[in-house]
Amino acid sequence: MIAVGHEFPSEQIPSPPNLEVVTVSISLVPAIICCMVYIPPNSTVEYHTELINYLQSLPGHVIIFGDFNMPDIDWSTLAGGSTSSNNFCEFIFQSNLEQLVTCPTHKHGNLLDLILTDSADNIVDLTVHPLEYQCISSDHHLITFAICCKNIIPKPVTKETFNYAKGDYAGLNEYLLNCDFGVICNLTDVEEIWNILKNHILSGMNLFIPKVKIRVRQFPVWFTSHLRHLIKCLRTLQRKYSKEPTTNNFQKSSALSKMQLHFNSNVANTDHYKAELFNQYFFSVFTRSTSLEPNPNDLSIPANSLDTINLTESDVFNALVNLNPHKATGIDYIAPSILKNCATSLVAPLFRLFTTSLNTSVIPTEWKTHKITPIYKTGDKTSVKNYRPISLLCNVSKVLEDLIYVKMIGTVAKCITPCQFGFQSNSSTLQQLLLYHHQLITSKDEVDVVHIDFRKAFDSVPHN
């Protein structure tokens with residue numbers, strides 16, 4: 001096994017399955033290939049030949065180490081006592097490698113563990129430790145060494161994004177007005193209509209909305225300033241410990257080095273595994289209803305019903321011009337400022353898209369995929385349980401949601417109890433508290449109150 005710290009960019013290099021070899025390329029300055037080898041005792045000449053062919057194929061600077069089980073090689077003359085050993089010595093000579101271990105590495109006095117490299121100047125502090133000082137039981141001596149190199153400091157990553165504030169919306173509006181949206185009038189496939197409409201919008205954005213390069217965050221959005229501060233403290237303590245290795249400095253740095261995200265018994269250090277932990281947790285709190293839905297044929301027709309939702313182009317235009325232009329984009333990258341400023345040119349194709357979606361009871365597949373951003377709430381910041389997910393939806397889908405809400409609320413509002421204050425227009429939780437307080441102080445009888453707070457209530461609502 002070769003363990004590489006997360007701060008060093010590395011990747012494993014494939015090796016033949018019948019060879020006991022692990023090879024890793026580490027992106028340092030200079031780049032290094034680390035290859036760990038184990039040659040079983042009494043291996044065949046064919047095994048040695050295949051191993052040599054593999055080692056010869058490794059590019060760049062190499063460090064080859066491991067248990068070679070070749071005690072018959074005389075390293076002073078680079079000669080072996082068997083065909084396999086002589087072939088291996090010839091490989092070392094032809095590859096201009098140097099063997100750095102000069103004392104026995106086995107308890108019986110044999111030199112079995114080797115370190116071969118073509119850049120011996122970069123290997124320092126090589127030590128073969130006595131068996132009695134090792135913390136594990138083994139017939140082999142522990143060998144330690146250091147590699148002189150520099151870690152590659154990655155250049156700041158930048159990405160291009162649209163600068164909506166400096167967009168030429170008059171030109172974009174004119175461009176969209178001249179686009180041929182007539183083809184969608186005869187289409188009934190929502191996916192096809194959406195793809196045609198989206199492609200026209202994105203093409204216009206590339207022409208009339210300038211792009212700027214922004215530096216990508218070194219840390220993800222949920223990585224708070226407190227965590228960044230703790231990382232700086234950790235690095236400071238590690239530097240102190242390297243200069244003054246006291247027990248106190250070691251304990252402080254060890255405690256801070258545990259600042260990792262965790263979920264139950266799982267711990268994550270890299271961005272990929274942290275995202276996996278968030279995904280596991282958010283999925284675990286998602287509730288799927290186990291109750292059976294009633295048969296619609298068994299239900300009585302309500303007094304107030306909404307059979308259809310009829311939209312007009314005026315409805316769509318009003319919804320577009322009332323959008324908040326500062327909201328974030330979804331995975332379609334169509335910002336609300338585009339929809340708001342180009343409402344005149346987009347109202348007709350969007351009206352066709354929305355009516356087709358309502359008539360067929362189908363929405364584009366892309367609208368079902370959301371960007372999820374973890375937002376810290378309270379408590380331990382290293383626990384994913386203390387974050388809540390925020391979904392970023394496609395803005396066009398939100399326009400349709402608003403239109404449906406406006407059409408439905410008049411009918412649904414009649415069925416909502418007057419005691420409901422949350423998520424109601426012209427109502428607020430403050431009004432509810434004022435009414436509650438008024439009832440308490442005006443009541444002449446004893447009042448018993450039960451306060452209930454549902455933990456992670458929204459996350460636990462069935463969405464199926």
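None of the values given here were measured: they were computed from a predicted structure.

### Overview of the overall build of the chain
Helix and strand content of the chain: 12 helices and 16 strands. Split into buried and exposed, the 464 residues of the chain put 31% on the buried side. In the chain, 62% of the contacts between residues at least 6 apart in sequence involve partners at least 24 apart. Here the chain has roughly 29,600 Å² of accessible surface; of this, 54% comes from carbon and sulfur atoms.

### Here we look at the nonpolar core
Of all hydrophobic cores here, the largest spans 38 residues; its most connected members are Leu350, Leu353 and Phe354. Breaking this core down by element, the ones donating at least two residues are α3 (169-177), α4 (190-208), α8 (313-321), α9 (336-341), α10 (343-360) and α11 (395-412). With near-sequence residues (within four places) excluded, Leu353 lies in contact with Val190, Ile193, Trp194, Leu197, Trp367 and Val396. In this structure, Leu28, Ile39, Phe68 and Leu111 belong to the second largest nonpolar core, which totals 37 residues.

### Focus on the packing of aromatic side chains
A complete count under the given rule lists 10 aromatic pairs for this structure. Judged by centre distance (5.4 Å) and plane angle (50°), the ring pair of Phe68 and Phe88 falls under tilted. On the criterion of sequence distance, the pair formed by Phe68 in the loop between β5 (61-67) and α2 (83-94) and Phe88 in helix α2 is long-range, its members being 20 residues apart. The two residues Phe68 and Phe88 agree in class, both being buried. Aromatic side chains Phe278 and Phe282 sit 5.8 Å apart centroid to centroid with 25° between the ring planes, which places their arrangement in the stacked category.

### Brief notes about the side chain of Ser383
Along the polypeptide, Ser383 turns up in the loop between β15 (371-376) and β16 (387-392). Given the relative accessible area of 9%, Ser383 is considered buried. Ignoring any residue separated from it by four or fewer positions in sequence, one finds Ser383 in contact with Leu261 and His262.

### Remarks on a nonpolar patch on the surface
Judged by side-chain polarity, Leu440, Ile441, Val447 and Val449 come together as a nonpolar surface patch covering roughly 310 Å² of accessible area. Here Val449 lies in the segment after α12 (429-442). Taking the relative accessible area as the measure of exposure, Val449 reaches 37% and is therefore partly exposed.

### Some words on the sheet that holds strand β4 (residues 32-38)
Taken together, six strands build an open sheet; the order of strands is β1-β2-β4-β5-β7-β6 and the sheet is mixed. Unpaired on one side and paired on the other, β1 (10-13) and β6 (98-99) mark the two borders of the sheet. Pairing analysis gives six bridges linking strand β2 (residues 21-26) to β4, with the strands arranged antiparallel. In the strand pairing of β4, Val21 is matched with Val37.

### Focus on unusual backbone geometry
Positioned with a positive phi, Asn69 is a non-glycine residue whose angle comes to about 50°. In this fold, Asn69 is placed in the loop between β5 and α2. Although it is not a glycine, Asn426 sits at a positive phi angle of roughly 60°. Locating Asn426 in the fold gives a position in the loop between α11 and α12.

### Here we look at the environment of Ser84
By the secondary structure assignment, Ser84 is in helix α2. In this structure, the C-alpha to C-alpha distance between Ser84 and Asn42, residues 42 residues apart in sequence, is 10.0 Å. Non-local contacts of Ser84, meaning those with residues more than four positions away in its chain, are made with Thr44, Val45 and His48.

### A short note on a positive patch on the surface
A surface patch of like charges, here positive, comprises Lys377, Lys385, Arg388 and Arg455. Structurally, Lys377 can be placed in the loop between β15 and β16.

### A short note on the confidence of the model for the chain
Taken over all residues, the pLDDT of the chain has a mean of 83, while the share at 70 or more is 86%. Ranking the elements of the chain by mean pLDDT puts helix α6 (residues 247-256) last with 49 and α8 first with 95. In this model residues 252-259 is a low-confidence stretch, pLDDT under 50, and it forms 12 contacts with partners more than four residues away in sequence or in other chains.

### What about α11?
Its 18 residues give α11 an end-to-end C-alpha distance of 24 Å, which sits within 8% of 26 Å, the value for a rise of 1.5 Å per residue. Of all the bends in α11, the greatest measures close to 30° and is centred on Val406. Taken together, the buried positions of α11 are Asn395, Val396, Ser397, Val399, Leu400, Leu403 and Thr411. Tucked into the core, α11 has its buried residues touching α4, α8, α9 and α10.

### What to know about the pattern of salt bridges
Tallied over the full model, the rule gives three salt bridges. The residue Lys107 makes a salt bridge to Asp139 at a minimum N-O spacing of 3.3 Å. With a gap of 32 residues between them, Lys107 in the loop between β6 and β7 (113-117) and Asp139 in the loop between β8 (123-128) and β9 (143-147) connect regions that are remote in the sequence. Residue Asp315 pairs with Lys407 through a salt bridge whose shortest N-O separation is 3.1 Å. Here Asp315 is found in helix α8, whereas its partner Lys407 is found in helix α11, with 92 residues between them in sequence. Judged by its relative accessible area of 22%, Asp315 falls in the partly exposed class. Accessibility expressed as a relative area gives 30% for Lys407, which makes it partly exposed.

### Comments concerning the packing of α10 against α11
The angle between the axes and the distance between the axes are what describe a pair of packed helices. Interhelical geometry of α10 versus α11 gives an angle of 65° and a closest axis separation of 11 Å. Where α10 crosses over α11, the handedness of that crossing is right-handed. Contacts between α10 and α11 involve Leu350, Leu353, Phe354, Ser357 and Leu358 from the former and Val396, Val399, Leu400, Leu403 and Ile404 from the latter. The residue inventory of the contact of α10 with α11, partitioned by class, reads nine nonpolar, one polar and no charged.

The rules behind these values
- Residues numbered from 1 in each chain as written.
- Predicted model: local features only at pLDDT ≥ 70, side-chain atom pairs only at ≥ 80, totals over all residues.
- Heavy atoms only, no water.
- Helix = DSSP H or I, 4+ residues; strand = E, 2+ residues; numbered from the N terminus.
- Buried < 20%, exposed > 50% of the residue type's maximum accessible area, 1.4 Å probe, protein only.
- Contact = heavy atoms within 4.5 Å.
- Areas by Shrake-Rupley, 256 points an atom, 1.4 Å probe, with all protein chains shown as cover.
- Core = buried A, V, L, I, M, F, W, Y, C linked by side-chain atoms within 4.5 Å.
- Phe/Tyr/Trp six-rings, centres within 6.5 Å; stacked < 30°, edge-to-face > 60°.
- Patch = residues over 30% accessible without salt bridge, like charges linked within 9 Å, V, L, I, M, F, W, Y side chains within 5 Å.
- Salt bridge = Lys/Arg side-chain N within 4 Å of Asp/Glu carboxyl O.
- Pairing = 2+ DSSP bridges.
- Lys, Arg positive; Asp, Glu negative; His and termini not counted.
- Charge placed at Lys NZ, Arg CZ, Asp CG, Glu CD.
- pLDDT = per-residue confidence, 0-100.
- Expected span 1.5 Å × (residues − 1).
- Bend = angle between axes of the 7 residues up to and from the residue.
- Axes fitted to C-alpha atoms, helices over the stretch in contact; angles between N-to-C directions.
- Left-handed = near helix turned anticlockwise from the far one by under 90°.
- Nonpolar A, V, L, I, M, F, W, Y, C, P; charged D, E, K, R; others polar.

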